[in-house]
Amino acid sequence: MVAGGRLTDQIALGVLASSVPRDAVDDAVAAAGRQARRRDGKLPPHVMVYFAMAMALFADDDYEEVAARLAGTLAPWGCWDDSWSVPTSGGITQARQRLGSEPLQNLFAQVAQPVAGLLTRSAFLGRWRLMATDGFEWDAPDTLENAAEFGYVGRNADDPDRPAFPKARVVTVSECASHAVVDAEIGGVAGKGAGEQSLARKLYRRLDPQWLLIADRNFY
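One structure accompanies this document, and this report is about it. (Residues numbered from 1 in each chain as written. Predicted model: local features only at pLDDT ≥ 70, side-chain atom pairs only at ≥ 80, totals over all residues. Heavy atoms only, no water.)

1. Considering helix α3 (residues 45-57)
Every α-helical turn comprises 3.6 residues, leaving residues that sit three or four positions apart pointing alike.
Here is step 1: With 13 residues, α3 extends 19 Å from end C-alpha to end C-alpha; this agrees with the ideal 18 Å at 1.5 Å per step.
Here is step 2: All of the buried residues along α3 are Pro45, His46, Val47, Met48, Val49, Tyr50, Phe51, Met53, Ala54 and Met55. (Helix = DSSP H or I, 4+ residues; strand = E, 2+ residues; numbered from the N terminus. Expected span 1.5 Å × (residues − 1). Buried < 20%, exposed > 50% of the residue type's maximum accessible area, 1.4 Å probe, protein only.)

In structure tokens form, the structure reads like this:
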């Protein structure tokens, strides 16, 4: 099990299931109005929420492999039906489209929070919890929708020399001691308001008064 990575998979998925309880997932799905339309579906919304998070843990695996890991590991935590079987990749794609992004955004807002305690080293400066903001970029699939939403670095979408993929820009607020991300904004890399500073301004409104936020000079 260790040689095949199974033990580490169980640990990672176990932490996921304990950190993101089923009740929180159901609340996020309901708030977005994405409840299941039929009771016997193989891929109900709460399953797809866990699936989307698991894809971040196992980014090199295909849809079926990620689904099989979930089915085999999350069942002991009461998050899975023992009779469930792995569907096709096409079925998973359709279920992801039905779910959309809003439930995941709602869930993140519920569960993402600082985790360092009072005795955690370097977590506080005086009475303030130390937090940091920074940005990075992600490649997005080369689709017309992503090109319109995010754009290409330094080029127009119709430029033959443009990069191969659109990019999404992400700015986060994270806890210095634990590196836990507690808030984020996602935007494009082209057009007005696409800079890190513009995304950071949206985050500033949501900062806790007990936090001390540090950043590099790009955010000054």
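2. Quick word on helix α2 (residues 22-31)
Here is step 1: For α2, the full list of buried residues reads Ala24, Val25, Ala28 and Val29. Viewed end-on, α2 has its buried residues packed into an arc of 135°, placing them on one side of the element. Exposed residues on α2 whose side chains face more than 90 degrees from its buried face are Asp23 and Ala31.
Here is step 2: Packing partners of the buried residues in α2 comprise α3 and α6 (102-111). (Arc of directions from axis to C-beta. Contact = heavy atoms within 4.5 Å.)

3. Some words on the packing of aromatic side chains
Here is step 1: With the rule as written, the count across this model stands at two aromatic pairs.
Here is step 2: Relative to tyrosine 63, the ring of phenylalanine 51 has its centre 5.5 Å away and its plane inclined at 80°; by these criteria the two rings are edge-to-face. Residue phenylalanine 51 is located in helix α3, and its partner tyrosine 63 is located in helix α4 (residues 63-73); the two are separated by twelve residues in the primary sequence.
Here is step 3: Residue class for phenylalanine 51 comes out buried when judged on its relative accessible area of 3%.
Here is step 4: Of the residues examined, tyrosine 63 reaches a relative accessible area of 22% and is grouped as partly exposed.
Here is step 5: Measuring from ring centre to ring centre gives 5.2 Å for phenylalanine 136 and tryptophan 138, while their planes differ by 80°; the resulting arrangement is edge-to-face.
Here is step 6: For arginine 69, the ring lying beneath its charged end belongs to phenylalanine 58, and the centroid distance is 4.7 Å. (Phe/Tyr/Trp six-rings, centres within 6.5 Å; stacked < 30°, edge-to-face > 60°. Lys NZ or Arg CZ within 6 Å of the ring centre and 35° of its normal.)

4. Quick word on the pattern of salt bridges
Here is step 1: What the rule picks out here adds up to eight salt bridges.
Here is step 2: Across the pair lysine 167 and aspartate 139 runs a salt bridge, and its minimum N-O distance is 2.6 Å. With lysine 167 in strand β3 (residues 167-175) and aspartate 139 in strand β2 (residues 128-139), the pair connects residues that are 28 residues apart, well separated along the chain.
Here is step 3: What emerges from the salt-bridge pattern is a single network uniting Asp183, Glu185 and Arg206. (Salt bridge = Lys/Arg side-chain N within 4 Å of Asp/Glu carboxyl O.)

5. Notes on the environment of alanine 24
Here is step 1: Within the secondary structure layout, alanine 24 lies in helix α2.
Here is step 2: Overall, alanine 24 belongs to the buried group, its relative accessible area being 8%.
Here is step 3: Sequence spacing of alanine 24 and phenylalanine 108 is 84 residues, and the spatial spacing of their C-alpha atoms is 9.7 Å.
Here is step 4: Not counting the four nearest positions on each side in its chain, alanine 24 is found in contact with Leu107, Gln110 and Val111.

6. Observations concerning the pairing of β2
Here is step 1: Across two bridges, the pairing between strand β1 (residues 124-125) and β2 is antiparallel. Counterpart to leucine 125 in the pairing with β2 is tryptophan 128.
Here is step 2: Linking β1 to β2, which pair antiparallel, is a turn of two residues; within it glycine 126 sits at a positive phi near 65°.
Here is step 3: The sheet contact formed by β2 and strand β5 (residues 211-214) spans four bridges and is parallel. Considered in β5, the bridge of alanine 132 is made with isoleucine 214.
Here is step 4: Inspection of the sheet shows β2 paired to β3 by nine bridges, in the antiparallel sense. (Pairing = 2+ DSSP bridges.)

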